[in-house]
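Overview (structure and organization)
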Amino acid sequence: MKNNRLKLGIPKGSLQKSTIELFKKAGFNISVNERSYFPDIDDDEIECMLIRAQEMARYVEDGVLDAGLTGIDWVKENNADVVKIADLIYSKRGLGKVKWVLAAPNDSNIKSVKDLEGKRIATEAVNIAKEYLKKNNVKADVEFSWGATEVKPPRLADAIIEITETGSSLRANNLKIIDIVMESNTALIANKKAWKDSKKKKKLEEITLLLKGAIAAEGKVGLMMNIKKTNLKKVLSLLPSLQKPTISELSDKAWVDVNTIIDEETAKNIIPKLKAAGAQGIVEYPLNKVIL
(Lines give C-alpha, C1' and ligand atoms only; values in the text may rest on other atoms or scores of the structure.)
Protein backbone atom coordinates (compact mmCIF):
# COMPACT_ATOMS: atom_id res chain seq x y z
CA MET A 1 0.00 0.00 0.00
CA LYS A 2 2.83 2.37 0.90
CA ASN A 3 4.35 2.13 -2.59
CA ASN A 4 1.07 3.32 -4.07
CA ARG A 5 1.04 6.50 -1.99
CA LEU A 6 1.31 9.86 -3.68
CA LYS A 7 4.87 11.05 -3.07
CA LEU A 8 4.46 14.78 -2.39
CA GLY A 9 7.26 17.31 -1.99
CA ILE A 10 6.81 20.05 0.62
CA PRO A 11 9.18 23.02 0.14
CA LYS A 12 11.81 23.19 2.87
CA GLY A 13 12.98 26.64 3.88
CA SER A 14 11.21 29.95 3.49
CA LEU A 15 7.96 28.45 2.16
CA GLN A 16 7.81 25.57 4.63
CA LYS A 17 5.81 27.23 7.41
CA SER A 18 3.27 28.93 5.13
CA THR A 19 2.82 25.72 3.11
CA ILE A 20 2.14 23.61 6.19
CA GLU A 21 -0.30 26.25 7.47
CA LEU A 22 -2.06 26.25 4.09
CA PHE A 23 -2.38 22.47 4.15
CA LYS A 24 -3.83 22.68 7.67
CA LYS A 25 -6.55 25.06 6.49
CA ALA A 26 -7.18 22.71 3.58
CA GLY A 27 -7.76 19.88 6.08
CA PHE A 28 -4.36 18.14 6.14
CA ASN A 29 -2.27 18.08 9.31
CA ILE A 30 1.46 17.84 8.55
CA SER A 31 3.80 17.19 11.47
CA VAL A 32 7.51 17.90 10.98
CA ASN A 33 10.23 16.18 12.99
CA GLU A 34 13.37 18.34 12.94
CA ARG A 35 15.54 15.25 12.50
CA SER A 36 13.58 13.82 9.58
CA TYR A 37 12.93 14.91 6.02
CA PHE A 38 9.75 12.82 5.94
CA PRO A 39 6.93 14.65 7.75
CA ASP A 40 3.86 12.79 8.95
CA ILE A 41 0.54 13.64 7.31
CA ASP A 42 -2.91 12.48 8.43
CA ASP A 43 -3.76 11.01 5.02
CA ASP A 44 -2.83 7.40 4.28
CA GLU A 45 -2.74 8.10 0.53
CA ILE A 46 0.06 10.70 0.79
CA GLU A 47 3.73 10.40 1.68
CA CYS A 48 5.50 13.73 2.25
CA MET A 49 9.13 14.68 1.80
CA LEU A 50 10.84 18.00 2.56
CA ILE A 51 12.81 19.27 -0.43
CA ARG A 52 14.27 22.73 -1.08
CA ALA A 53 12.09 24.66 -3.52
CA GLN A 54 15.14 25.22 -5.74
CA GLU A 55 15.47 21.46 -6.30
CA MET A 56 11.82 20.43 -6.29
CA ALA A 57 11.14 20.59 -10.04
CA ARG A 58 14.15 18.41 -10.83
CA TYR A 59 13.11 15.66 -8.41
CA VAL A 60 9.53 15.79 -9.68
CA GLU A 61 10.71 15.53 -13.29
CA ASP A 62 12.98 12.60 -12.43
CA GLY A 63 10.14 10.73 -10.71
CA VAL A 64 11.67 10.76 -7.23
CA LEU A 65 8.50 12.65 -6.32
CA ASP A 66 5.08 12.38 -7.94
CA ALA A 67 4.30 16.03 -7.24
CA GLY A 68 5.49 19.00 -5.26
CA LEU A 69 5.03 22.66 -4.46
CA THR A 70 7.62 25.11 -5.72
CA GLY A 71 7.94 28.44 -7.47
CA ILE A 72 7.44 28.60 -11.22
CA ASP A 73 10.76 30.47 -11.24
CA TRP A 74 12.56 27.31 -10.09
CA VAL A 75 10.73 25.26 -12.71
CA LYS A 76 12.08 27.67 -15.30
CA GLU A 77 15.56 27.80 -13.74
CA ASN A 78 15.82 24.00 -13.91
CA ASN A 79 14.19 23.85 -17.35
CA ALA A 80 12.06 21.07 -15.86
CA ASP A 81 9.62 19.15 -18.03
CA VAL A 82 6.73 18.81 -15.58
CA VAL A 83 2.96 19.31 -15.50
CA LYS A 84 1.81 22.51 -13.81
CA ILE A 85 -1.44 21.51 -12.12
CA ALA A 86 -2.30 24.86 -10.57
CA ASP A 87 -0.95 28.26 -9.59
CA LEU A 88 -1.23 28.71 -5.82
CA ILE A 89 -0.75 32.39 -5.10
CA TYR A 90 0.81 32.45 -1.64
CA SER A 91 4.29 33.20 -0.38
CA LYS A 92 6.39 33.37 2.77
CA ARG A 93 4.60 36.45 4.12
CA GLY A 94 1.08 35.96 2.80
CA LEU A 95 -0.83 36.07 -0.45
CA GLY A 96 0.70 37.45 -3.60
CA LYS A 97 3.49 36.96 -6.07
CA VAL A 98 7.20 37.52 -5.67
CA LYS A 99 9.58 39.24 -8.08
CA TRP A 100 13.07 38.59 -9.32
CA VAL A 101 14.65 42.01 -9.67
CA LEU A 102 17.86 43.51 -10.95
CA ALA A 103 19.38 45.63 -8.19
CA ALA A 104 22.56 47.66 -7.76
CA PRO A 105 24.02 49.99 -5.11
CA ASN A 106 22.23 53.31 -4.69
CA ASP A 107 25.35 55.22 -5.73
CA SER A 108 26.08 52.94 -8.69
CA ASN A 109 26.24 54.18 -12.27
CA ILE A 110 24.07 51.24 -13.31
CA LYS A 111 20.75 52.76 -14.35
CA SER A 112 19.40 50.09 -16.70
CA VAL A 113 20.11 46.57 -17.93
CA LYS A 114 22.25 48.03 -20.73
CA ASP A 115 24.73 49.30 -18.14
CA LEU A 116 25.53 45.70 -17.16
CA GLU A 117 27.75 45.21 -20.22
CA GLY A 118 30.99 43.62 -19.01
CA LYS A 119 29.87 43.69 -15.37
CA ARG A 120 29.60 40.90 -12.80
CA ILE A 121 26.17 39.79 -11.56
CA ALA A 122 25.54 37.53 -8.55
CA THR A 123 22.35 35.47 -8.32
CA GLU A 124 20.87 32.13 -7.27
CA ALA A 125 18.95 31.98 -10.57
CA VAL A 126 21.82 31.75 -13.05
CA ASN A 127 19.79 30.48 -16.02
CA ILE A 128 17.06 33.06 -15.52
CA ALA A 129 19.71 35.78 -15.35
CA LYS A 130 21.46 34.57 -18.51
CA GLU A 131 18.19 34.44 -20.43
CA TYR A 132 17.35 37.96 -19.24
CA LEU A 133 20.70 39.29 -20.41
CA LYS A 134 20.42 37.49 -23.75
CA LYS A 135 16.97 38.97 -24.32
CA ASN A 136 18.44 42.43 -23.75
CA ASN A 137 21.57 41.78 -25.89
CA VAL A 138 23.89 42.34 -22.96
CA LYS A 139 27.07 40.38 -22.25
CA ALA A 140 28.01 40.11 -18.60
CA ASP A 141 29.47 37.59 -16.17
CA VAL A 142 26.87 35.73 -14.12
CA GLU A 143 28.06 33.87 -11.05
CA PHE A 144 26.07 31.63 -8.74
CA SER A 145 25.44 32.97 -5.25
CA TRP A 146 24.98 30.57 -2.35
CA GLY A 147 22.97 33.13 -0.39
CA ALA A 148 23.27 36.52 1.29
CA THR A 149 23.29 37.90 -2.24
CA GLU A 150 22.26 41.38 -1.09
CA VAL A 151 25.59 41.98 0.67
CA LYS A 152 27.77 41.25 -2.37
CA PRO A 153 27.62 44.60 -4.20
CA PRO A 154 29.80 46.51 -4.71
CA ARG A 155 32.88 44.49 -3.66
CA LEU A 156 31.95 41.00 -4.87
CA ALA A 157 29.55 41.93 -7.67
CA ASP A 158 28.44 45.01 -9.57
CA ALA A 159 24.77 44.06 -9.41
CA ILE A 160 22.51 41.22 -8.32
CA ILE A 161 19.38 39.51 -9.55
CA GLU A 162 17.47 38.60 -6.42
CA ILE A 163 14.01 37.51 -5.33
CA THR A 164 11.95 39.87 -3.20
CA GLU A 165 8.45 40.31 -1.81
CA THR A 166 8.66 43.80 -0.33
CA GLY A 167 12.12 45.10 -1.29
CA SER A 168 12.90 45.82 2.37
CA SER A 169 16.04 43.68 2.47
CA LEU A 170 17.37 45.37 -0.66
CA ARG A 171 16.75 48.82 0.80
CA ALA A 172 18.41 47.79 4.08
CA ASN A 173 21.54 46.94 2.09
CA ASN A 174 21.50 50.25 0.19
CA LEU A 175 20.41 48.71 -3.08
CA LYS A 176 18.02 50.14 -5.64
CA ILE A 177 15.74 48.12 -7.91
CA ILE A 178 16.56 48.81 -11.54
CA ASP A 179 14.30 46.37 -13.36
CA ILE A 180 11.89 43.49 -12.80
CA VAL A 181 13.32 40.35 -14.36
CA MET A 182 10.27 38.13 -13.78
CA GLU A 183 7.31 37.57 -11.50
CA SER A 184 6.80 34.22 -9.85
CA ASN A 185 4.39 32.35 -7.62
CA THR A 186 4.06 28.99 -5.97
CA ALA A 187 2.63 26.21 -8.10
CA LEU A 188 1.65 22.57 -7.65
CA ILE A 189 3.55 20.54 -10.23
CA ALA A 190 3.50 16.85 -11.10
CA ASN A 191 5.61 14.24 -12.81
CA LYS A 192 4.16 13.36 -16.23
CA LYS A 193 3.95 9.65 -15.41
CA ALA A 194 2.18 10.31 -12.12
CA TRP A 195 -0.28 12.66 -13.86
CA LYS A 196 -1.23 9.83 -16.22
CA ASP A 197 -1.95 7.55 -13.26
CA SER A 198 -5.73 7.93 -12.79
CA LYS A 199 -5.62 7.34 -9.02
CA LYS A 200 -2.81 9.80 -8.41
CA LYS A 201 -4.32 12.37 -10.76
CA LYS A 202 -7.64 12.18 -8.90
CA LYS A 203 -5.85 12.63 -5.58
CA LEU A 204 -3.91 15.63 -6.90
CA GLU A 205 -7.10 17.21 -8.22
CA GLU A 206 -8.72 16.78 -4.80
CA ILE A 207 -5.69 18.33 -3.06
CA THR A 208 -5.74 21.22 -5.54
CA LEU A 209 -9.43 21.90 -4.89
CA LEU A 210 -8.87 22.05 -1.14
CA LEU A 211 -5.69 24.16 -1.34
CA LYS A 212 -7.36 26.66 -3.67
CA GLY A 213 -10.31 26.79 -1.30
CA ALA A 214 -7.97 27.55 1.61
CA ILE A 215 -6.28 30.34 -0.36
CA ALA A 216 -9.65 31.79 -1.40
CA ALA A 217 -10.64 31.95 2.28
CA GLU A 218 -7.53 33.93 3.29
CA GLY A 219 -8.46 37.39 4.51
CA LYS A 220 -12.19 36.67 4.40
CA VAL A 221 -14.80 36.04 7.08
CA GLY A 222 -18.39 34.89 7.11
CA LEU A 223 -21.23 37.03 8.40
CA MET A 224 -24.68 35.86 9.45
CA MET A 225 -27.49 38.00 10.81
CA ASN A 226 -31.25 38.22 11.25
CA ILE A 227 -33.10 41.01 9.45
CA LYS A 228 -36.69 42.17 9.29
CA LYS A 229 -37.94 41.93 5.73
CA THR A 230 -38.79 45.63 5.85
CA ASN A 231 -35.06 46.38 6.41
CA LEU A 232 -33.69 43.78 3.98
CA LYS A 233 -33.13 46.06 1.00
CA LYS A 234 -31.25 48.61 3.12
CA VAL A 235 -29.02 45.91 4.67
CA LEU A 236 -28.25 44.21 1.35
CA SER A 237 -27.08 47.52 -0.11
CA LEU A 238 -24.32 47.58 2.52
CA LEU A 239 -23.00 44.09 1.79
CA PRO A 240 -20.17 43.47 -0.67
CA SER A 241 -20.58 39.77 -1.38
CA LEU A 242 -18.42 37.03 -2.84
CA GLN A 243 -21.38 35.86 -4.87
CA LYS A 244 -24.81 36.84 -3.56
CA PRO A 245 -25.90 36.64 0.08
CA THR A 246 -27.85 33.54 1.08
CA ILE A 247 -31.27 34.55 2.36
CA SER A 248 -33.33 32.03 4.35
CA GLU A 249 -36.83 32.22 5.77
CA LEU A 250 -37.17 32.05 9.57
CA SER A 251 -40.04 30.63 11.61
CA ASP A 252 -41.21 34.22 12.11
CA LYS A 253 -42.21 35.09 8.55
CA ALA A 254 -41.46 38.77 9.15
CA TRP A 255 -37.74 37.95 9.47
CA VAL A 256 -35.03 36.36 7.33
CA ASP A 257 -31.53 35.05 7.96
CA VAL A 258 -28.74 36.46 5.76
CA ASN A 259 -25.39 34.71 5.34
CA THR A 260 -22.51 36.14 3.31
CA ILE A 261 -18.72 36.34 2.92
CA ILE A 262 -16.77 39.61 3.12
CA ASP A 263 -13.16 40.79 3.33
CA GLU A 264 -12.03 40.63 6.95
CA GLU A 265 -10.54 44.13 6.85
CA THR A 266 -13.94 45.63 5.99
CA ALA A 267 -15.86 43.85 8.78
CA LYS A 268 -15.14 46.47 11.45
CA ASN A 269 -16.60 49.18 9.24
CA ILE A 270 -19.58 47.24 7.93
CA ILE A 271 -20.89 45.64 11.16
CA PRO A 272 -21.88 48.94 12.90
CA LYS A 273 -23.64 50.03 9.69
CA LEU A 274 -25.52 46.72 9.50
CA LYS A 275 -26.62 47.12 13.11
CA ALA A 276 -27.80 50.66 12.43
CA ALA A 277 -29.72 49.42 9.37
CA GLY A 278 -31.68 46.94 11.51
CA ALA A 279 -29.61 43.74 11.46
CA GLN A 280 -29.73 41.70 14.68
CA GLY A 281 -27.83 38.70 16.02
CA ILE A 282 -24.80 39.51 13.86
CA VAL A 283 -22.18 36.74 13.97
CA GLU A 284 -18.73 37.02 12.37
CA TYR A 285 -16.95 33.67 11.92
CA PRO A 286 -13.59 32.56 10.46
CA LEU A 287 -13.28 30.55 7.25
CA ASN A 288 -10.91 27.72 6.42
CA LYS A 289 -11.99 27.11 2.83
CA VAL A 290 -14.10 28.80 0.19
CA ILE A 291 -14.82 26.44 -2.69
CA LEU A 292 -15.92 28.43 -5.72
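So, here is what we can say about the structure in this document. Keep in mind that this is a model prediction, so the values were computed, not measured.

Inspection of the secondary structure assignment puts phenylalanine 23 in helix α1 (residues 16-26). Considered as a pair, phenylalanine 23 and leucine 211 are 188 residues apart in the sequence and their alpha carbons are 6.6 Å apart.

Before going further, it helps to examine unusual backbone geometry. The step from proline 153 to proline 154 runs through a cis peptide bond, and the omega angle for that step is 0°. Position of proline 154 among the secondary structure elements: in the loop between β9 (141-144) and β10 (159-164). Located in the positive-phi region is asparagine 79, a residue other than glycine, with phi close to 50°. According to the relative accessible area criterion, asparagine 79 is exposed, its value standing at 68%. Phi is positive for asparagine 174, close to 60°, though the residue is something other than glycine. Mapped onto the secondary structure, asparagine 174 falls in the loop between α5 (168-172) and β11 (175-184). According to the relative accessible area criterion, asparagine 174 is exposed, its value standing at 52%.

In this structure, Leu8, Ile10, Phe23, Leu69, Leu188 and Leu211 are the most contacted members of the largest nonpolar core, which totals 28 residues. At the level of secondary structure, the elements contributing two or more residues to this core comprise β1 (6-12), α1, β4 (46-52), β5 (67-71), β6 (83-88), β12 (186-190) and α7 (198-217). Element by element, the count of residues in this core is highest for α7, at 5 residues. In this structure, leucine 8 is in contact with Phe23, Ile46, Glu47, Cys48, Met49, Leu65, Ala67, Gly68, Leu69 and Leu188, ignoring residues within four places of it in sequence. Membership of the second largest hydrophobic core comes to 22 residues, among which are Ile121, Ile128, Leu133 and Val181.

Once that is clear, we can look at the sheet that holds strand β16 (residues 280-286). Ordered by their spatial adjacency, 4 strands build an open sheet running β14-β15-β13-β16, and the pairing between neighbours is antiparallel. Either end of the sheet is taken by a strand with one partner, and the two such strands are β14 (246-249) and β16. The average undirected angle you get between the axes of adjacent strands in this sheet is 15°. Pairing geometry for β14 and strand β15 (residues 255-263), over 4 bridges, is antiparallel. Across the sheet, isoleucine 247 pairs through a bridge with valine 258, a residue of β15. Across the face of the sheet, helix α9 (residues 264-276) comes into contact with β13 (220-228), β15 and β16 while running at roughly 155° to β15.

Of the voids in this model, the second largest pocket is the one considered here, and its volume is about 190 Å³. Residue composition of the lining of the second largest pocket, by class: 3 nonpolar, 3 polar and 4 charged.

What follows concerns the sheet that holds β4. Spatially, the 5 strands line up as an open sheet ordered β4-β1-β5-β12-β6, and their pairing is mixed. Looking along the sheet, the strands with just one partner apiece sit at the ends: β4 and β6. The average undirected angle you get between the axes of adjacent strands in this sheet is 30°. Pairing of β5 with β12, which is carried by 5 bridges, proceeds in the antiparallel orientation. Residue pairing for β12: leucine 69 is matched across the bridge by leucine 188. In the packing of α1 onto the sheet, contacts are made with β1, β4 and β5, and the angle to β1 comes to roughly 135°.

Moving on: α9. Approximately 40° is the largest bend angle found in α9, and it occurs at isoleucine 270, with the proline proline 272 only one to four residues beyond. Taken as a whole, α9 has its buried residues at Ala267, Ile270 and Leu274. Buried residues along α9 sit in contact with β13, α8 (232-236), β15 and β16.

Here is what the cut-offs are and how they apply
- Residues numbered from 1 in each chain as written.
- Predicted model: local features only at pLDDT ≥ 70, side-chain atom pairs only at ≥ 80, totals over all residues.
- Heavy atoms only, no water.
- Helix = DSSP H or I, 4+ residues; strand = E, 2+ residues; numbered from the N terminus.
- Buried < 20%, exposed > 50% of the residue type's maximum accessible area, 1.4 Å probe, protein only.
- Core = buried A, V, L, I, M, F, W, Y, C linked by side-chain atoms within 4.5 Å.
- Contact = heavy atoms within 4.5 Å.
- Pairing = 2+ DSSP bridges.
- Axes fitted to C-alpha atoms, helices over the stretch in contact; angles between N-to-C directions.
- 1 Å grid on protein atoms, 1.4 Å probe; cavity = no way out; pocket = protein on both sides within 12 Å on 5 of 7 lines; lining within 4 Å.
- Points joined across faces, edges and corners; volume = space filled by probe spheres on them.
- Nonpolar A, V, L, I, M, F, W, Y, C, P; charged D, E, K, R; others polar.
- Bend = angle between axes of the 7 residues up to and from the residue.

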